[in-house]
Amino acid sequence: MPQGYVYSKQQGRFVKKNTEKAFDYDSINKKSAALLVSFFRWYPDYYLDLIRSDSADHKLELLQRVILRIMARYRLTHITGCRGGTKTYLLNGEKQIEGTFFPGEKMGYTAPVQKQSANLGSDAYKELEKDYPALTAIWKIKNDRDDKFRIVTDYGSEFTMYIPRGSNKHQLGVEEMGQEQPEPFDMKNFKTTVSPTLRLKRTVNQVEDRVHINFKRSVITNASDRNNLCFSVYRQGTLMSMLNGEKYEAFCMDFTWKSVLLCGIRDIEYFKQQFKELLPDEQQRELCAHYIGNAENPMIPDETLSRSRTLTCAEFEHCGDPNAIYVVNYDVADEDGKKNAKCGLVVLKLTEYKTIAKRDKYRAQVVYVDSFPPPKTYFHHAVNLKKIWSRFCMDGGQTTYLVVDCQGGHGKAIVEELMKPTKNGSRPLACLNNYHSDLEQLNAVRCIYPMKAGTRGTVDPEGDMIDYAQNEFDHRNVELLIPRILDGLEQYKLKHNIKDNISDGKIVAPYKKTEELIGQIKNLQRVASGTTIKEQRKKTTIPRDIWSALKYGLRIKQHLEAELTTRNNKKQGSSWDKLKEQYKNGSGVSAPKSTNGDIRSRLIGLRNHTTRR
């Protein structure tokens, strides 16, 4: 073979070998650009590092980098995080990066209400504009007002919170799907209007883009109740897809306030203040990213609780109706070894139904709710209870009851204090069932019911009280204060003709405590215990003192309804008394005569004289 030549099979002869080859700069640049774009699609946090402004207020921390990569790489993501975790900032930033590196990407953005989502999107854009001006320079604001936010690029990408029925999107960003208060996430609109718009596939030159993730849905939210569709459908569905699905199909992640603190995103003082302001169940949802409540065997289902919240006005004293019965219920805190223990107080207002269907039932309205650290002495317990009981008394307190749990030593001591002679001239109190009859004073008011609650061998079995409480909630015999606190404040002030705002804090207190009661109920689960049932807390940091007080009050309601049934039967006479009167002195009613003695006619006669329930 001649030197400098190579054999060409295509030409069938020796050809001269090229020693030099021209460098195709255009081709190399295109390949490098494609490689760089694919790299930033996979590592969006590195792209933000490169374009970060010198005057930026924020820099990405480890937790934020993980979240950005998760949303970039998976089709279904459900991230549950705490307050202060920069959820809005990350969701908006990641979607702007995707719209930049995937030209023509149509992205929808939704939050609990349009006004909230528009404000969130606008604020996040302004923060990103200061930290990463090179990114926001690609995007142009088309709409930025209270009910609409929309940004676009010159290459056809769009990120908008306005998602009308029938529109088409490549992907969706969903924020605060688990929000329940004050404005709940509109799950019905999301299922019927927003979610069906997720139907576009990305194409390049009319060919499907193989590297693009189609139908992407990114959810980032605070935690909710377990019966909320945010948990029971979307989070659980994403989790199951993550465990059983294909690679890069789904990812489910929860992060708490501790993660945010350790990554340096927020300071410890921020979370200290949040723990002071939030109720225990709110702390679990919004700081600890814990979905509270039980999807299986809940104490009271969420739907039933929501349906029961119809009472508009709280009460701080007797309403003046002589037919109303008030029950003051007190759950004593067990202070031994429990520094966070509180005493629960619930006041029930019982009014007799006027309908025939519920003639032996009382309507129970929870008009006052409170919880507080236990007083220092039993004497102070008794003084506080006596004051509250006196406020709800009328005609000497004969129709106002006081329930105290006496199963433990604290309750017994408090009852003994209540039965002692008074120094202010008021009548002492006594028990209904001759409990501590040796301590009973002359002319005492019999109003104390010493509750003996327990799982076995007690006068008031826990299983019976739980069954009765659930039955009363199911049949809408229990009414709780409405969840809209400001509406309740307005209704109370209108009813009592209050013009000033001096007492607003006192008025809204029962409404806020009712929220705490709801959280306690949602944290409880029915569990089997031998031949009966008992309640079990899913999260031990959430107390149940207010719920216990409500349960005790419903137990008294059950006893009063038994007395009401007996009283009504004596007034009207039972059906057996009427029937016995017909057969008095040997008289009776002849049986229906049959026709031709055949069995068919006898059955017809029996059916015609039978009443169905």
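Preceding this paragraph is the structure being described.
Residues numbered from 1 in each chain as written. Predicted model: local features only at pLDDT ≥ 70, side-chain atom pairs only at ≥ 80, totals over all residues. Heavy atoms only, no water.

Caption draft 1: Fine view of a nonpolar patch on the surface. A cluster of nonpolar side chains, Y5, Y7 and F14, forms an exposed patch at the surface whose accessible area comes to about 300 Å². Note on placement: Y5 falls in strand β1 (residues 5-8). (Patch = residues over 30% accessible without salt bridge, like charges linked within 9 Å, V, L, I, M, F, W, Y side chains within 5 Å. Areas by Shrake-Rupley, 256 points an atom, 1.4 Å probe, with all protein chains shown as cover. Salt bridge = Lys/Arg side-chain N within 4 Å of Asp/Glu carboxyl O. Helix = DSSP H or I, 4+ residues; strand = E, 2+ residues; numbered from the N terminus.)

Caption draft 2: Seen up close, the environment of A453. Along the polypeptide, A453 turns up in strand β19 (residues 453-454). On the basis of relative accessibility, which here comes to 16%, the residue A453 falls in the buried class. Here the alpha-carbon distance between A453 and Y552, two residues 99 residues apart in the chain, equals 8.4 Å. If we ignore the near neighbours within four places in the chain, the residues touching A453 are D405, Q407, T458, D460, M465 and Y552. (Buried < 20%, exposed > 50% of the residue type's maximum accessible area, 1.4 Å probe, protein only. Contact = heavy atoms within 4.5 Å.)

Caption draft 3: Local environment of the pattern of salt bridges. Inspection of the entire model under this criterion finds 36 salt bridges. The partner of K140 in a salt bridge is D154, and the shortest N-O contact between them spans 2.8 Å. On the criterion of sequence distance, the pair formed by K140 in strand β5 (residues 139-145) and D154 in the loop between β6 (148-153) and β7 (158-160) is long-range, its members being 14 residues apart. Among the residues examined, K140 registers a relative accessible area of 41% and is labelled partly exposed. In this structure, E561 engages K361 in a salt bridge whose closest nitrogen and oxygen atoms are separated by 3.0 Å. Residue E561 is located in helix α18 (residues 545-572), and its partner K361 is located in the loop between β14 (343-352) and β15 (362-372); the two are separated by 200 residues in the primary sequence.

Caption draft 4: Summary view of the packing of helix α2 (residues 44-51) against helix α3 (residues 62-73). Direction vectors running N to C along α2 and α3 enclose 125°, while the axes themselves pass 8 Å from each other. As judged from the angle between their axes, α2 and α3 are oblique. Together, P44, D45, Y46, L48 and D49 of α2 and R65, L68, R69 and A72 of α3 make up the contact between the two elements. Partitioned by chemical class, the residues of the contact of α2 with α3 number five nonpolar, no polar and four charged. (Axes fitted to C-alpha atoms, helices over the stretch in contact; angles between N-to-C directions. Parallel < 35°, antiparallel > 145°, perpendicular 65-115°, else oblique. Nonpolar A, V, L, I, M, F, W, Y, C, P; charged D, E, K, R; others polar.)

Caption draft 5: Representation of the sheet that holds β15 in the model. The strand order β17-β18-β16-β13-β14-β15-β21 describes an open sheet built from seven strands, whose pairing is mixed. Edge positions in the sheet fall to β17 (429-431) and β21 (478-479), since each of these pairs with one other strand and no more. Here strand β13 (residues 325-331) runs beside β14; their pairing, made up of seven bridges, is antiparallel. By the bridge assignment for β14, V328 is matched with V347. Sitting on the sheet, helix α13 (residues 378-391) is in contact with β13, β14, β15, β16 (400-405), β17 and β18 (445-451), with an inclination near 150° to β16. (Pairing = 2+ DSSP bridges.)

Caption draft 6: Structural view of the environment of P421. Within the fold, P421 resides in the loop between α14 (409-418) and β17. Its relative accessible area of 56% is what places P421 among the exposed residues. On a C-alpha basis, the gap between P421 and Q441 in space is 6.9 Å, while along the polypeptide they are 20 residues apart.

Caption draft 7: Region of the structure containing the packing of aromatic side chains. Throughout the structure, instances matching the rule amount to 23 aromatic pairs. Between F190 and Y234, the ring centres sit 5.6 Å apart and the planes meet at 75°, which makes this aromatic pair edge-to-face. Of this pair, F190 sits in helix α7 (residues 187-194) while Y234 sits in helix α8 (residues 229-244), and the two are 44 residues apart along the sequence. Using a relative accessible area of 9% as the deciding quantity, one classes Y234 as buried. What links up through ring pairs into an aromatic cluster is the set F39, F40, Y43, Y46, Y47 and F101. Over the ring of Y353 we find K358; its NZ or CZ atom is 4.9 Å from the centre of that ring. (Phe/Tyr/Trp six-rings, centres within 6.5 Å; stacked < 30°, edge-to-face > 60°. Lys NZ or Arg CZ within 6 Å of the ring centre and 35° of its normal.)

Caption draft 8: Summary view of the environment of H290. Tracing the chain through its elements places H290 in the loop between α11 (280-286) and α12 (302-308). On the basis of relative accessibility, which here comes to 17%, the residue H290 falls in the buried class. Between the C-alpha atom of H290 and that of N222, which follows or precedes it by 68 residues, the distance is 8.8 Å. Contacts of H290, omitting those with residues within four sequence positions, involve A223, S224, R226, Q284, R285 and K539.

These values are about where atoms sit, not about what they do.
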